[in-house]
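# Tertiary structure, described
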Amino acid sequence: MFIAKSIQAEHKDLIHDVAYDFHGRRMATCSSDQHVKIWDLVDGEWRCSARYKVHVGSVWRVNWAHPEFGQVIATCSFDRTTAVWEELPGDAGEKGQWVKRGNLVDSRTSVTDVEFAPKHLGLQLATCSADGVVRIYEAPDVMNLSQWTLQHDIPCKLSCSCVSWNPSRVHPPMIAVGSDDNNPSAGGKVHIFEYNDNTSRKWLKAETIMTVTDAVRDVAFSPNLGRSYHLLAIASKNVTIVTLKPLATKKEPSATACTKFEIHQVAQFEDHQSQVWRLSWNVTGSILASSGDDGCVRLWKANYLGNWGCISVLKGDGSAPQQSLTEKSNKSNLGSSAGTSVENNSGGARYLHLGPVAQANHVPWH
Amino acid sequence: MADLDSLQMIGVPGKSCLAYGCQMKWGLGNQLFVFADSSQKPSKDKPSSLGSPEFIHEANWDTDMHTPVARKLVNEAHDIFISLQNNVDTEDKQYQMLKHSAAYRSIIKACVMDIQLALKQCTSEDDRMAFETQLQLFEAVELIWSFCEILYVSVLPAGALISQLQQWMRLHFTESDRLAHEALRGSNPQNAEGYWPAVYGLIFQGRITEALQVLSVHPERDSEHFKLIEQLLRRMPVYAANSGLSIGEFENKWRYWQEECVERLRDGSFMAHPCLEVICQILCGEDEVFAAHSDLLGTWYCLMVARLFYQNPAIKVFDLQYATQFCVDAYGGLSNLQPWDSILLAAVEFDIHQVIRECSSSFGNWWFASHLTDLLQHCGKLESHTLHFGSTLREFLLLEFATSLLSHHSLWQIGILYLDHCSEFGRFYIEEFVERIPIETERKAQKVLKICEERDLQPQIRSICKSMGMRSLHNKHLGAALSWSLRSKDVNFVTFIAEKFLNEYSESGGFIDLEVLDHLGSSMLLSSKLTFLGKYREFHRLYEEREFKAAASLLLALLTAKIAPPRFGMTLLLDALPLLQSESIIFTSEETYELMHCLEEINISRRLKAKKAAKDDAMDEDVDKEKLDLMKLGLARNLARAIVHEGTNFDMF
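Residues numbered from 1 in each chain as written. Chains lettered and ligands numbered in written order. Predicted model: local features only at pLDDT ≥ 70, side-chain atom pairs only at ≥ 80, totals over all residues. Heavy atoms only, no water.

## So, unusual backbone geometry
Residue and element names in this part refer to chain B. We note that Phe350 has phi near 60 degrees; this positive angle belongs to a residue other than glycine. By secondary structure assignment, the location of Phe350 is in the loop between helix H16 (339-348) and helix H17 (352-362). The exposure class of Phe350 is buried, given its relative accessible area of 17%. One non-glycine residue, Lys489, adopts positive backbone phi at about 60 degrees. Looking at the element boundaries, Lys489 is found in the loop between helix H24 (478-488) and helix H25 (491-508). Taking the relative accessible area as the measure of exposure, Lys489 reaches 58% and is therefore exposed. (Helix = DSSP H or I, 4+ residues; strand = E, 2+ residues; numbered from the N terminus. Buried < 20%, exposed > 50% of the residue type's maximum accessible area, 1.4 Å probe, protein only.)

## Observations concerning the UniProt feature "repeat: WD" (unreviewed entry) in chain A
The sites that carry the UniProt feature "repeat: WD" (unreviewed entry) are, in the present numbering, residues 8-41 and 269-301 of chain A. Annotation note: span residues 269-301 of chain A, helix share 0%, strand share 58%, distance between end C-alpha atoms 12 Å. (UniProt positions renumbered as here; feature names shortened; annotations may be inferred.)

## Observations regarding a negative patch on the surface
On the surface, Glu125, Asp126, Asp127 and Glu132 of chain B cluster together into a negatively charged patch. Mapped onto the secondary structure, Glu125 of chain B falls in helix H4 (residues 125-153). (Patch = residues over 30% accessible without salt bridge, like charges linked within 9 Å, V, L, I, M, F, W, Y side chains within 5 Å. Areas by Shrake-Rupley, 256 points an atom, 1.4 Å probe, with all protein chains shown as cover. Salt bridge = Lys/Arg side-chain N within 4 Å of Asp/Glu carboxyl O. Lys, Arg positive; Asp, Glu negative; His and termini not counted. Charge placed at Lys NZ, Arg CZ, Asp CG, Glu CD.)

## Thoughts on the pattern of salt bridges
Overall, the coordinates contain 39 salt bridges over all chains when judged by the stated rule. One salt bridge connects Glu68 of chain A with Lys466 of chain B, and the closest N-O pair in it is separated by 3.7 Å. Of this pair, Glu68 of chain A sits in the loop between strand S6 (59-64) and strand S7 (72-77) while Lys466 of chain B sits in helix H23 (residues 458-474), on two different chains. Across the pair, exposure class does not vary: Glu68 of chain A and Lys466 of chain B are buried alike. A network of salt bridges, in which partner residues are shared, links Asp17, Asp218 and Arg278 of chain A together with Lys25 of chain B.

## A look at the nonpolar core
All names here are of chain B. Membership of the largest hydrophobic core comes to 154 residues, with the highest contact counts inside it found for Ile279, Leu283, Trp300, Tyr310 and Trp367. Per-element accounting of this core gives the leading share, 15 residues, to H4. Per-domain counts for this core show at least three residues from each of domain 2 (68-154 + 351-415) and domain 3 (167-315). If we skip the residues at most four places from it in the chain, Ile279 touches Trp196, Val199, Tyr200, Ile203, Leu215 and Ile229. Counting residues in each nonpolar core, the second largest holds 50 residues, with Leu486, Leu517, Phe587 and Leu628 among its members. (Core = buried A, V, L, I, M, F, W, Y, C linked by side-chain atoms within 4.5 Å. Domains from an automatic or database assignment. Contact = heavy atoms within 4.5 Å.)

So this is what it looks like as structure tokens:
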């Protein structure tokens, strides 16, 4: 593994989230500077095609909708709103403009996470907020994104930090919600909600993962790959991976009952030795990436016997980045804070082979 | 079972990543984006003190197979892989496996030669380094592959094993050839530094004829010692499977011959000539002489083959493992083994699991481990293990290999073909990946769709078509958007685009992207809006081609069948106006009545609407009134003409 290139993001403040579109050819970044930037991969280089102010507070998360619905992103912010943005058609060669299609203002506190539902559920959006409410919005007419209706609000009682949709096509709609409540006595911090389509047409709590009682910063369902169980990763003081196996229920749909699950913890890693902040599965759900307060990104993978292990660690080493973009002369900015100026090192090797491993680009067996 | 020794630490450049820690997001395939973390609690909203520009770093891995040289290997290996999968159940399986193994080896060899060629031509130091690493890697791959082939794929009778191993050694270790060649080139070969090592080396490898050739240039060749050693060498029994000699008989012959050698050594025939004495010691298979020449032999496995040849030429595959200890110790024990040496050791010990494990971690790619495992699994070598992980392990490695290909802009197609042969997860991998393949061109879209169609991935096909349709719509290519939407079979989407076409018509009075509209065929029936659009365009075409009669009846059908959107009612009627006013009579009286009926209906619905809308469009009303009057006049005139005409015509009969 090696760092192939570095992109200068030029946000005026810390980046909170980066999101890639479905094909990995477009990227959206959001930052405390209240702006979103859209990047396009042109001839192997990332170029910023749009930058616009989206909120009046820090923008926490940004998420792309499936390309079936066009070029659409959602952002959520400290300013208590969630916004949906669509790129307007541009003339050939010219980059389109982004317009706000939806402004979802139901939350009374900071909106901490936003995620589009898997596309087989249509254009739906889940948000969660610090006051402990998960909201499900839907654009009933996918051709008209200016109409968003609040379909459900699900009270969670605890301050919510993250939400994740289960991508499975065969299971009823399901989300996992994590809470960053610090009080261990408040019980399990990850709740599983399931949409009951048969009778109540409501989201009901199916399970609480009781083993995780510390503050949870991120949850992520893995792509299903036809498995009979669901795989959920939880970022807490450690990285926890649990399987949720639906228990066979009686045939007749009962009014209130949700699917019950057999919950089994398959892995727990303390390697970060600190709060874990973010989790992300790769496309096929074979590798999980986690980042924590130890400043490392760690990659986790199961071997053929189903045993999980760490395969790689990425850590900042303070060396000068290899820039792929021609750096704009931005001297005033660089000079303003001593010690943070970045030396531009555009010559030299094509790749930076880093780390003490002889064969820099192999991921070892474990 | 995380192996901490092999755990990889990757440094991420940039001050902010050091100061704040890292954060990540996945790209497609083996692509990870890393940027400085902002682990602040979402309850604070203070701008941070960091003022420097932020960087996002892109990390890649498993890209070994993306170099041009390796790409050729990947392409060719794939053909062999597919052919192997198809020949698994044939009767001559054993032969097929061997054939395919040899085919793999030949492309590895070709790859090695390609790299050697590239190395000669390359100019930059960086490239040279990269090529040299690759060369070493692939040479090792070939060495290990052929070794495993001898042990696991070919089923060799005792006796034949050693000769196979010797051949393998000759192919890969040519040091003694080089020494001999150098020595013979000089004027005094016997005094050359490499003369005797060359002779020993050749004898170690069992190449008696060549050894004799080198000896024959020695000036003392006619001396008694030389004659004697030559005699011993010449009389060495050679095992050949087709010689008619049974292995027992061969062993007997060998024993007699070696006893003679021992006799000669004991009676001091070579005392005067220490170099010849060494040769005789080798022939007697004395341990000391092998250990003493470990430098010349180079590696533990060369030592093993040489030693076995002179100590136990009829050894069986499973007994090889008992011969390793001495050889490994001669090179300083297990701890001094190089990674590739230990792979071979594991292979000899029949610890295939360990072989595959080490192959996966020692080579920067999954190509070798996955193909070797696939071959061994088909040979049934994995299942015989205590754990029944054979097919799981094979699939695991193939999935890894395929994933590393899927990150590449052109090799992804091969990756998909590999996934086809992963019975458990392959299809799901394809499902997840195929939709995400970046589609830059129409041609690539067709390629991806073909792949989906071959595998009957209907949801993916629909999704890709719809995404393409959305993109065309975004780029204002309505015609392309329509054809994509038709392929996606999404009724709402088709209706939406048909609507766009009609709007376009209302605004400009003409149709765009005629080729698509004129060739809708039966797909027109997908949505009633589209049916109307298609038929209405057909009307225009007929009108342009002056097929007035057909145009008129189509128009009437459109009006009476009520598939036209309400707002188009008036437009359709106005389209009838020129037909009504034409010189010849096109609408019959009956048809005219129907038209009048339609007009009346439209009129009524309009008035109802106007009442609701509280007359805020007085202007429109006036325009419509004018049109209505014109229409009424046209209809009345045509009716009169038609009745008169029909009356006259009727009279004629």
